[in-house]
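# Coordinates in review
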Amino acid sequence: MSFTETFLNWDVLVSSLPLLLSGLKVTLLLGFVGILFGLLLGLFLALVRIYAIRPVSLAAKIYTDVFRSIPILVLLIVIYYALPFVGLRLSPFMSAAVALTLVSGAYTAEIFRAGIEAIPRGQFEASHALGLGYRHMMADVVLPQAIRIVIPPLTNNCINVIKDTALASVVAMPDLLKQATQAQALEANPTPLIVAALIYVALLWPLVVFVGRLEKRYRREER
Amino acid sequence: MPAIVSIKNLHKSYGSFRALSGIDLEVQEGEVVCIVGPSGSGKSTLIRCINLLESYDDQGQVLVDGVRVERGKALRRVRKEVGMVFQSFNLFPHLTVQENIVLAPTRVRNISPEVANSKALDLLKRVGIAEQAEKYPGQLSGGQQQRVAIARALAMEPRVMLFDEPTSSLDPEMVGEVLEVMKDLADSGVTMIVVTHEMGFARQVADRVVFMDAGKIVEAGTPAQIFDHAEEERTRLFLNAVLGHKDEKRN
């Protein structure tokens, strides 16, 4: 068999495409959920870390440290295979979504914290002096400036979350990777795996390029 | 008439360092008070206690319009009434000039955007930069930025304006335009407390000059009393040192 027949077999591609696309849909949905809830959790943790009273802030710090230390795959397996022993049984999708959110939240918390702490003290003082309350100070002054700072690292985090969705295939979630391995077994041909890999790259390459451009632009503006 | 700002026995220490030790100062409505003195004498710390950007030790008290300045519900009410202009401007860089000015009145005073916007334009005219309303702070010169900061503080219609070395980080050629705006404010009856190194301004505009050193008020009086007939040796030494090598053109 020739190289193309083995790795880029058109007939195999066509017949496995529906399966791959259904997997892609699951991957995208899982990535979206993980990113969205990770962002919300991260923002909450960052605000707690910076502004809450000492013990609460310490708890947030411990959380972010622990969940940045644990491999997502380990966390996922614990959630899926260990929690049922205490009566908590989550579907593969829920397990993966929870694992991704918990870890992504820890990373985004650190990103947001760095962004908020990068805002000069004078911005807070000017807000106080004008009588702005905490809510308006954050919403109108601090966060809009912090968001600009955190967009490149947050986009990096999004890329990581989408990549990490592939781990969900080990708990039998029908994501892109899982469907590709299924199709490969069905067709006895690796083409679906190659196509899946290409889909991941096509999905993430633009984001990688986007981050690179932003970072370059911000560096230039700082000068 | 009760004083708009009343400071009694104000102390502030950082660890063992006493930044302020026993300050008493009353400022009447409409008065312009300039606080002068060497670096590290506690001038900035003093005015930052008036709107609680710095906390102060418990035995003292600061009253603004009769309300004690302390953490809690009353604080925002006090801060609404006290405008502040900083050495480093502290404009919001992600907002246009006009948005900078409109933000606090619409958020804190619940003034409608239309009213706030038209007032912002009036204020910009008053500080002489109406044509810059749509620009961002980063596009303006230092002097223009500081004039925006003054307009932003005025937009809250404060009872008293604090100026914390408003010209100290400006290029020399821009100091005059900012002092000119401040002089206009003083002439229009705005109550002002100004920490400054601009002796010419203090002499010309102040109703009262306060000389501070080492966290204490050494002496206070009319500009003529302080600049021409200082009673304290320390005051004379300081003024001689400052005025000695500074030309007094602006005076």
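In what follows, the structure referred to is the one given above.
Overview of the structure. The residue numbers shown here count from 1 along each chain, following its written sequence. To read the labels, note that chains go from A and ligands from 1, taken in the order they are written. This being a predicted model, a pLDDT of at least 70 is required before a residue's local features are given, and a value of 80 or more before pairs of side-chain atoms are given or counted; all residues contribute to the totals for chains, interfaces and linings. Just so you know, side-chain values use all the structure's heavy atoms and leave hydrogens and water out.

### Considerations on the overall build of chain A
Note the following rule: For helices the rule is a DSSP run of H or I covering at least 4 residues; for strands it is a run of E covering at least 2, with both sets numbered from the N terminus onward. Residues count as neighbours in contact if any of their non-hydrogen atoms are within 4.5 Å of one another. Working convention for charge: Lys and Arg count positive, Asp and Glu count negative, and His plus the chain ends are omitted. By convention, the point assigned to a charge is CZ for Arg, NZ for Lys, CD for Glu and CG for Asp.
Along its length, chain A carries nine helices and zero strands. Reading chain A from its N end, one meets helices and strands in the order α-α-α-α-α-α-α-α-α. Overall size of chain A, expressed as C-alpha extent along the three principal axes, is 75 × 50 × 25 Å. Long-range contacts, defined as pairs at least 24 residues apart, comprise 77% of the intrachain contacts of chain A with a sequence gap of at least 6. With 18 positive and 13 negative side-chain charges, chain A shows a spacing of 7 Å between the two charge centroids.

### Quick notes on the overall build of chain B
Under the convention used in this document: Radius of gyration: C-alpha atoms only; globule rule: 2.2 Å multiplied by the number of residues to the exponent 0.38. Note on areas: Shrake-Rupley with a 1.4 Å probe; residue coverage comes only from the protein chains shown.
Looking only at helices and strands, chain B has nine helices and 10 strands in total. The C-alpha radius of gyration of chain B comes to 18 Å, within 12% of the 18 Å expected for a compact globule of 251 residues. The principal-axis extent of the C-alpha atoms belonging to chain B is close to 55 × 45 × 35 Å. Of the contacts formed within chain B by residues at least 6 apart in sequence, a portion of 66% connects residues at least 24 apart. Taken as a whole, chain B presents about 10900 Å² of accessible surface, with 48% of it coming from carbon and sulfur. Counting 30 positive and 34 negative side-chain charges, chain B places the centres of these two groups 6 Å from one another.

### Observations regarding the interface of chain A and chain B
Test applied: For this analysis, a salt bridge means a side-chain nitrogen from Lys or Arg found within 4 Å of a carboxyl oxygen belonging to Asp or Glu. Polar contact is defined as a pair of N or O atoms within 3.5 Å, subject to the rule that within protein one atom must be able to donate a hydrogen and the other to accept it, and that residues adjacent in sequence are counted only when both atoms are side-chain atoms. Residue classes follow a fixed rule: Ala, Val, Leu, Ile, Met, Phe, Trp, Tyr, Cys and Pro count as nonpolar, while Asp, Glu, Lys and Arg count as charged, and any other residue, Gly among them, counts as polar.
In this assembly, 17 residues from chain A lie in contact with 21 residues from chain B. Taken together, the connections running from chain A to chain B amount to two salt bridges. In this assembly, chain A and chain B are joined by seven residue pairs in polar contact (both at pLDDT 80 or more). Those elements that provide at least two residues to the side of chain A that touches chain B are α6 (121–129) and α7 (134–164) of chain A. Broken down by element, the residue count for the side of chain A that touches chain B peaks at eight residues, all from α6(A). Partitioned by chemical class, the residues of the side of chain A that touches chain B number six nonpolar, eight polar and three charged.

### Points about the packing of aromatic side chains
This is how the line gets drawn: Two rings belonging to Phe, Tyr or Trp (six-membered ring only in the last case) form a pair when the distance between their centres is within 6.5 Å. Interplanar angles under 30 degrees mark stacking, angles over 60 mark edge-to-face geometry, and anything in between is tilted. With a 1.4 Å probe rolled over the protein chains alone, any residue whose accessible area is under 20% of its type maximum counts as buried; one over 50% counts as exposed, and the rest are partly exposed.
According to the stated counting rule, one finds five aromatic pairs over all chains in the structure shown. Between Tyr63(A) and Phe67(A), the aromatic rings sit 4.4 Å apart at their centres with planes inclined by 25°, giving stacked as the arrangement. Taken together, the residues span about one helical turn, with Tyr63(A) and Phe67(A) both in helix α3 (residues 54–69) at a distance of four residues. Taken individually, Tyr63(A) and Phe67(A) each receive the classification buried, so the pair is uniform in this respect. Residues Phe211(B) and Phe238(B) carry aromatic rings whose centres are separated by 5.2 Å and whose planes lie at 40° to one another, so their mutual orientation is tilted.

### Considerations on α3(A)
Heads up, the condition is: Residue count minus one, scaled by 1.5 Å, sets the expected span of a helix.
Taking 1.5 Å as the rise per residue, α3(A) with 16 residues should run 22 Å; its terminal C-alpha atoms sit 23 Å apart, in good agreement. Where α3(A) is buried, its residues meet α2 (10–51), α4 (72–82) and α5 (92–117) of chain A.

### Looking at the pattern of salt bridges
All names here are of chain B. Using the criterion set out here, one finds 22 salt bridges over all chains in the structure. Note that glutamate 81 and arginine 109 form a salt bridge whose closest N and O atoms lie 3.7 Å from each other. Placement of the pair is glutamate 81 in helix α2 (residues 73–81) and arginine 109 in the loop between α3 (97–108) and α4 (113–126), with a sequence separation of 28 residues.

### Details of the sheet that holds strand β10 (residues 216–221) of chain B
Residues and elements named next belong to chain B. In plain terms, the rule: Whether two strands pair comes down to DSSP finding at least two bridges between them. Here, axes are lines fitted to C-alpha atoms. For helices the fit covers the stretch in contact, and angles between N-to-C directions go from 0 to 180 degrees.
Read from one edge to the other, the open sheet built from six strands follows the order β6-β7-β8-β3-β9-β10, with strand pairing classed as mixed. The two strands at the open ends of the sheet, each matched to only one other strand, are β6 (82–85) and β10. Across the sheet, the mean angle separating the axes of adjacent strands is 20° when strand polarity is ignored. Strands in contact with helix α1 (residues 43–50) are β3 (32–36), β6, β7 (160–164), β8 (192–195) and β9 (208–213); relative to β7, the strand with the most contacts, it is inclined by about 150°. Running at roughly 100° to β9, helix α9 (residues 233–244) makes contact with β3, β9 and β10 of the sheet.

### Section: the environment of Lys61(A)
Residue and element names in this part refer to chain A. By secondary structure assignment, the location of lysine 61 is in helix α3. Take lysine 61: its relative accessible area is 32%, and that puts it in the partly exposed class. Sequence separation between lysine 61 and alanine 106 is 45 residues, and the spatial gap between their C-alpha atoms is 9.1 Å.

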